[in-house]
Each structure stands twice: as C-alpha cells, then as structure tokens.
Amino acid sequence: MNYEAWRATFQSSEQAAQAAFQDAQRNHEMLLNTLTRRQPRPYLKATCAEGTTHRIYSRVQPGDRIYVKEAHAFVPEPAYRRSKGIIQTINPDDDYEACVYRENFDRARSFPWRPSIFMPRWAARLVFDVVSVRLERLQDICDQDSKAEGCQALEGCKWHTFEEAEAGISMHEHTAKDAFSALWESINGPESWQSNPPVWIYDLQPVGIKPATMPSQGAPTTCTLPGGDHASD
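The rules behind each value
- Residues numbered from 1 in each chain as written.
- Predicted model: local features only at pLDDT ≥ 70, side-chain atom pairs only at ≥ 80, totals over all residues.
- Heavy atoms only, no water.
- Pairing = 2+ DSSP bridges.
- Helix = DSSP H or I, 4+ residues; strand = E, 2+ residues; numbered from the N terminus.
- Axes fitted to C-alpha atoms, helices over the stretch in contact; angles between N-to-C directions.
- Buried < 20%, exposed > 50% of the residue type's maximum accessible area, 1.4 Å probe, protein only.
- Polar contact = N/O pair within 3.5 Å; in protein donor to acceptor, adjacent residues only side chain to side chain.
- Contact = heavy atoms within 4.5 Å.
- 1 Å grid on protein atoms, 1.4 Å probe; cavity = no way out; pocket = protein on both sides within 12 Å on 5 of 7 lines; lining within 4 Å.
- Points joined across faces, edges and corners; volume = space filled by probe spheres on them.
- Nonpolar A, V, L, I, M, F, W, Y, C, P; charged D, E, K, R; others polar.

S.K.: Before we move on, could you go through the sheet that holds strand β4 (residues 72–76) and cite the residues and values that matter?
M.R.: Spatial ordering of the open sheet is given by β4-β6-β5, a layout of three strands whose pairing is antiparallel. One side of each edge strand has no neighbouring strand; the edge strands of this open sheet are β4 and β5 (88–91). Recorded for the sheet is a direction-independent mean angle of 35° between the axes of neighbouring strands. In this sheet, strand β6 (residues 94–101) lies alongside β4 in antiparallel orientation, the contact comprising five bridges. Bridge pairing links A73 to V100 in β6.

As structure tokens, then:
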C-alpha cells in the first residue's frame, strides 16, 4: 500500500471513529435527560463511622416484574398431562419438558425435588408486577400488613405467637403484629425485632390483574440508619 492509499484509509477510519463518538455522546445526553425526568426513588441514608453518608436504593423498583421461586421438578410433558389437580408449566424451548411443583403435589410418586433457588424463569407460575416501593422501620408495621404477611388468627380473635404454639401454650389475646414479630425473630434470630431495622416494603399485584388501591405513599422517601426517625434529604 502506497502512502496516498494509506492516508486515505487512515482519514476514513478517523472520520468513522469521530462519528461514532458523536453518536455515543448524543445517546449519553439523551440518557441523562431521561434519567433526570424520573420520579425520585425512596432510599436509605446510611451514615458511616467516618461521617460520610451514602444512599442505598432498593434493587426492586416500581414497574419491575418479579417471580416466585419454589421447590420443583422437571418431568416429561405427557406424564401428568391428564392428571387432575397437577399444575405443570411447559418449557417454551422444549415442549417435551414440563415443570411440576412440590406444593400441593398429592401423588404417591416422589421426585428428587430441586431447591427453589434453581428455578428458571420459564418455570415460574407466580409472577408479580411491583406497583410501589416504600421504606419504613420494621416495628412500624400495622395489623393489616401483618396479616398480609401471612399471620392468621387461629381461633376467633386470639393469636398464637410461633414460639408459644410450638411450646403448646394456650392461645390468648395477641395482635397480628405480635404474631408477626414472633415470626420475624424465628427467621432472623433473637432480638432482631428489637433492633428495629429499616425495611423495604413492596406492593405487588399478580400479572394480568388490575392494581387495586394500594397503601398510602405519603410516608417519607428517606430513612436514616442510626436511630429510629425518618429523615428528609
């Protein structure tokens, strides 16, 4: 290649690189404009020992779609095709493979059930849209939300805490919040309720169902980690 041909090739490459850089710069400006128009998201203000403050955002945001993982097994699709009461989901990439679920599986045959953490997205039967995200202290939970977490009265208006139920103690007057606090400590350990950490609250709706009226979003959008008070930015 002579000098003139090399120079022409170099100039052409330089012009192409410059044009690509300008396109990338325009795309970056468009992205910034998009981001600045987003509504502010709730975040946690965490103050470190050296005095610096950091914002901690939830990994899940309104508009996201999440799915529930559960214990499951993969079987040939014809195995339970005609079985009543057996829910199965067919693999969209392999119509001979299907997924069945351990929950409410009432057949005598047993499978080597796969742990929930290994469930692929296509096998999920419970899919939710994230309607809203808010931040509050653990002990701010109300009875209504405690019931939504799965706490139920076992007899009339009386409640067992989980430890009392295991110990065989008779039921007495508790609130749903009391039952939830016992459930929380049974999962997260002693004194985890008293520590009153900040927690993310997600309002979910099953996919395909019109969102109902959600809890008030008037709660502050930030919360400081030290102490127990909400704080504004």
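Next comes the rest of the write-up.
S.K.: So what about the side chain of H72? Which residues, and what values?
M.R.: The residue H72 is located in strand β4 in this model. Judged by relative accessible area, which is 0%, H72 ranks as buried. At a separation of 2.9 Å, a polar atom in the side chain of H72 contacts the main-chain carbonyl oxygen of E70. With residues near it in sequence (within four places) discarded, H72 still touches C99, V100, Y101, W113, R114, P115, F118, M119 and P120.

S.K.: Lay out the layout of surface pockets with the relevant residues and their values.
M.R.: Taken as a whole, the largest pocket encloses approximately 560 Å³ of empty space. Along its surface, the largest pocket is lined by 17 residues, and D145, A148, E149, I201 and Y202 are the ones closest to its centre. Those elements that place two or more of their residues in the lining of the largest pocket are β7 (127–137), α2 (143–148), α4 (176–188) and β8 (198–206). Among the elements that line the lining of the largest pocket, the one with the most residues is β8, at six residues. Residue composition of the lining of the largest pocket, by class: 11 nonpolar, one polar and five charged.

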